[in-house]
Amino acid sequence: MTDDTLRGYRQSIDNIDAALVFLLAERFKVTQAVGRHKAVAGLPAADPGREEAQISRLRGLARDANLDPEFSEKFLRFIIDEVIRHHERLQGGE
């Protein structure tokens, strides 16, 4: 590739993607700990009130950042669903 401008953009995208992977890894490390705590404490895997509050808060942040709130909600719901799945598995003794 000889287009230095495109190469520079792609390098930035690659760096951002790497940061996202590390952020998600850290988030899931913490949510796994939450899931273990919930399992020991006998708490439900899901907390719909917390989920809705988080989605509402992040939709506002998305609007402030000029990011499509619908996209941000879909992305967060995907993550929440995965966290709940982990929590349910932990409550099953796995």
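Because the structure is predicted, anything quoted here is derived from the model rather than measured.

Structural notes on the layout of surface pockets
Logical step 1: In this model, the largest pocket occupies a volume close to 330 Å³.
Logical step 2: Together, 14 residues line the largest pocket, and T31, K38, R50, V83 and H87 are the ones closest to its centre.
Logical step 3: Looking at the lining of the largest pocket, the elements that each hand over two or more residues are α1 (4-41), α2 (48-64) and α3 (69-91).
Logical step 4: Its boundaries defined by the atoms lining it, the second largest pocket holds a volume of some 210 Å³.
Logical step 5: Lining the second largest pocket, in full, are R27, Q54, R57, L58, L61, A62, L67, F71, S72, F75, L76 and I79.
Logical step 6: Of all elements in the fold, only α2 and α3 reach the threshold of two or more residues within the lining of the second largest pocket.

Regarding the packing of aromatic side chains
Logical step 1: Overall, the coordinates contain 1 aromatic pair when judged by the stated rule.
Logical step 2: An angle of 20° between the planes, with centres 6.2 Å apart, marks the rings of F71 and F75 as stacked. Of this pair, F71 and F75 both sit in helix α3, 4 residues apart, roughly one helical turn.

Quick look at the side chain of E73
Logical step 1: Tracing the chain through its elements places E73 in helix α3.
Logical step 2: When residues no more than four places from it in sequence are discounted, the contact partners of E73 are I55 and R59.

A few points about α3
An α-helical turn contains 3.6 residues, so a residue and the one three or four places further along point in the same direction.
Logical step 1: In a regular helix each residue adds 1.5 Å, so 23 residues correspond to 33 Å; α3 covers 32 Å between its end C-alpha atoms and thus fits that length.
Logical step 2: Within the span of α3, buried status applies to P69, S72, E73, L76, I79, I80, V83, I84, H86, H87 and L90.
Logical step 3: Structurally, α3 contributes buried residues whose contacts are with α1 and α2.
Logical step 4: With a side-chain oxygen lying 2.9 Å from the backbone nitrogen of E70, the N-terminal cap of α3 falls on D68.

Thresholds, definitions, all that
Residues numbered from 1 in each chain as written. Predicted model: local features only at pLDDT ≥ 70, side-chain atom pairs only at ≥ 80, totals over all residues. Heavy atoms only, no water. 1 Å grid on protein atoms, 1.4 Å probe; cavity = no way out; pocket = protein on both sides within 12 Å on 5 of 7 lines; lining within 4 Å. Points joined across faces, edges and corners; volume = space filled by probe spheres on them. Helix = DSSP H or I, 4+ residues; strand = E, 2+ residues; numbered from the N terminus. Phe/Tyr/Trp six-rings, centres within 6.5 Å; stacked < 30°, edge-to-face > 60°. Contact = heavy atoms within 4.5 Å. Expected span 1.5 Å × (residues − 1). Buried < 20%, exposed > 50% of the residue type's maximum accessible area, 1.4 Å probe, protein only. Polar contact = N/O pair within 3.5 Å; in protein donor to acceptor, adjacent residues only side chain to side chain.

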